[in-house]
Amino acid sequence: MKFYGSDTINFISKLTPYRIWNVLKVFASYHVTRWKKEPIQWGRPFTVSIEPTTACNLKCPECPSGLRAFSRPTGNLKADFFKKTIDELRRELLYLIFYFQGEPYINPKFLDMVKYAKDNGIYTITSTNGHFLNDANAKKTIESGLDRIIISVDGTTQEVYENYRKEGKLENVLMGAKNIVKWKKKMNSKTPHIIFQFLVVRPNEHQIPEIYRLAEEIGVDEVKLKTAQVYDYEDGNDLIPLNDKYARYRQNKDGKYEVKNELLNHCWKLWHACVITWDGLVVPCCFDKDATHRLGDLKKQSFVELWEGESYQNFRTQLLKGRDQIDICKNCTEGCKVWA
C-alpha cells in the first residue's frame, strides 16, 4: 500500500492503539512462522477484501466476471450481513477493500456500506470500471466518506480501451472521473484519493505517457500501472506486453513463458488479510477468484472460529510445504511481499 500527502495523514488517523498492537502481533507471528516453518497465528487480519457483487456490465477477456465463467452464484452483498461482519472485525480492521470480482456500484447499497465502515473508523477503498459514476453517484461517493477510489482506464482512445474493456465506453469513464473531481472540490473534501489504474497489456502499452497527461488534465491524484494476469501464458499470449518491465511473465530459451516471481514457501497475505465473498465465504486471497479454496462460511461460524480453525491452519501448513503445489499460487506475483 502506498500513500501520498493528505492520504497518508488520513490513513494514519485510523490507527488506534488496539489496531497498532494487532498489526504488531500479526507481523511477529508471520516472522516466527518463517523461522519455525510451522503456522503460528497471533492477532486478526487488519486488511480485508469484501465483495459487493459478482455482477459486471463489461466483458473483459481475462476476468471471470467478464467471461461469465463463475461456478459460484452471482449476487449482491447484503447490508445486514455486511454490518454484522464489520461489527465483529472493526476493533482490528484497518483497511477495507470493497472489491473482489464484479463492479461494486451495481450493488444499490454499496455506498451505504462504505459509510458504515467509515463511521467505524476504517480506511475504505474500492476499484471500479467507472461506468456508474454519474453526477448523483459521484456526489454520494464523496458523502459516503470513501477514502480511495481506483478507476480502471486501460486506454486513452476508445479503440485501444475497448481491446480489453469489452463493451466499455471510455468517454463515460472519463466523465465519471471528472464528476468525482468536481464534487470533491465542491464539497471541499480531501477524500477520496483518486487513482487511474492502467492495466498494461500489449495493445495499450504505447499509451502509458498519455495516461499520465490525461490524469493530470482531469485532476486525478495518482496513476498506477498494473501488470496483467493472464491464464493461458505458457505458449505466449497477445496480452503480454512487449516491454518486459510491464510483464508478469518471461520467455525461456525453449520459447515457453513462466511467471517471473519466485514461489517462496511463505505468504504474508495468509497472515494479515483475507477475502470475503458476497455470500459469506472466506477464501485466502484475491487470486482465488472462483472461491475454490473455501476456508469457512461466515453465515455458519464466527470470524474468530474461522480464522483460527482447522481449514485455515491446514492451508497455511500446505503453503509452507510448497506453494508450487497450490493452483492459485502458481500465477501469483505478490503473495510474499510484506505490507503488499
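Residues numbered from 1 in each chain as written. Predicted model: local features only at pLDDT ≥ 70, side-chain atom pairs only at ≥ 80, totals over all residues. Heavy atoms only, no water.

Comments concerning the overall build of the protein
Helix and strand counts for the protein come out as twelve helices and eleven strands. Over its C-alpha atoms the protein spans a radius of gyration of 20 Å, differing by no more than 12% from the 20 Å that the globule rule assigns to 340 residues. The principal-axis extent of the C-alpha atoms belonging to the protein is close to 55 × 50 × 40 Å. For the protein, the residues scored as buried account for 56% of the 340 residues in total. (Helix = DSSP H or I, 4+ residues; strand = E, 2+ residues; numbered from the N terminus. Rg over C-alpha atoms; globule rule 2.2 N^0.38 Å. Buried < 20%, exposed > 50% of the residue type's maximum accessible area, 1.4 Å probe, protein only.)

A closer look at the confidence of the model for the protein
Scored by pLDDT, the protein has a mean of 90; 93% of the residues are at 70 or more. Of the regions scoring below 50 in pLDDT, residues 335–340 engages in 22 contacts with residues more than four places distant in sequence or in other chains. (pLDDT = per-residue confidence, 0-100. Contact = heavy atoms within 4.5 Å.)

Re the pattern of salt bridges
For the coordinates displayed, the defined rule picks out 15 salt bridges. Among the ionic contacts, a cluster of salt bridges with common partners joins Lys 14, Lys 118 and Asp 147. (Salt bridge = Lys/Arg side-chain N within 4 Å of Asp/Glu carboxyl O.)

Describing unusual backbone geometry
Cis rather than trans, the peptide bond between Thr 191 and Pro 192 has omega equal to 0 degrees. Inspection of the secondary structure puts Pro 192 in the loop between helix 8 (170–186) and strand 5 (193–200). Non-glycine residue Asn 188 carries a positive phi angle of around 50 degrees. Mapping Asn 188 onto the fold places it in the loop between helix 8 and strand 5. Of note, Ala 291 is a non-glycine position whose phi angle comes to about 55 degrees, a positive value.

A look at the nonpolar core
In globular proteins that are soluble, nonpolar side chains generally tend to be buried together. Among the nonpolar cores identified, the biggest contains 94 residues, and Phe 82, Leu 96, Phe 98, Ile 151, Phe 196 and Ile 276 are the most heavily contacted of them. The leading source of residues in this core is helix 8, at seven residues. Those residues in contact with Ile 276 that sit more than four places away from it in its chain are Val 48, Ser 49, Ile 50, Glu 51, Phe 81, Thr 85, Leu 89, Leu 281, Val 282 and Leu 298. (Core = buried A, V, L, I, M, F, W, Y, C linked by side-chain atoms within 4.5 Å.)

Examining the packing of helix 6 (residues 135–144) against helix 8
Direction vectors running N to C along helix 6 and helix 8 enclose 50 degrees, while the axes themselves pass 9 Å from each other. Classified by the interaxial angle, the pair formed by helix 6 and helix 8 is oblique. Helix 8 is crossed by helix 6, and the crossing has right-handed handedness. Between helix 6, through Asp 135, Ala 138, Lys 139, Thr 141 and Ile 142, and helix 8, the contact on the second element is made entirely by Asn 179, Ile 180, Lys 182, Trp 183 and Lys 184. Looking at side-chain class alone, the contact of helix 6 with helix 8 contains four nonpolar, two polar and four charged residues. (Axes fitted to C-alpha atoms, helices over the stretch in contact; angles between N-to-C directions. Parallel < 35°, antiparallel > 145°, perpendicular 65-115°, else oblique. Left-handed = near helix turned anticlockwise from the far one by under 90°. Nonpolar A, V, L, I, M, F, W, Y, C, P; charged D, E, K, R; others polar.)

A look at the sheet that holds strand 9 (residues 273–276)
Strand order in this open sheet of nine strands is 6-5-4-3-2-1-9-10-11, and the pairing throughout is mixed. In this open sheet, the two edge strands, each paired with only one partner strand, are strand 6 (222–227) and strand 11 (296–297). Here four bridges tie strand 1 (residues 47–50) to strand 9, and the two strands are oriented parallel to one another. Residue Ser 49 lies in a different strand from strand 9, and its bridge partner there is Val 275. Running over the sheet, helix 5 (residues 110–119) touches strand 2 (95–98) and strand 3 (123–128) and is turned about 180 degrees from strand 2. (Pairing = 2+ DSSP bridges.)

Re the side chain of Lys 184
Relative to the helices and strands, Lys 184 is located in helix 8. For Lys 184, a relative accessible area of 13% translates into the label buried. In this view, Lys 184 contacts Ile 142, Ser 189, Lys 190, Thr 191, Pro 192, His 193, Ile 194 and Asp 221; residues no more than four positions away in its chain are not counted.

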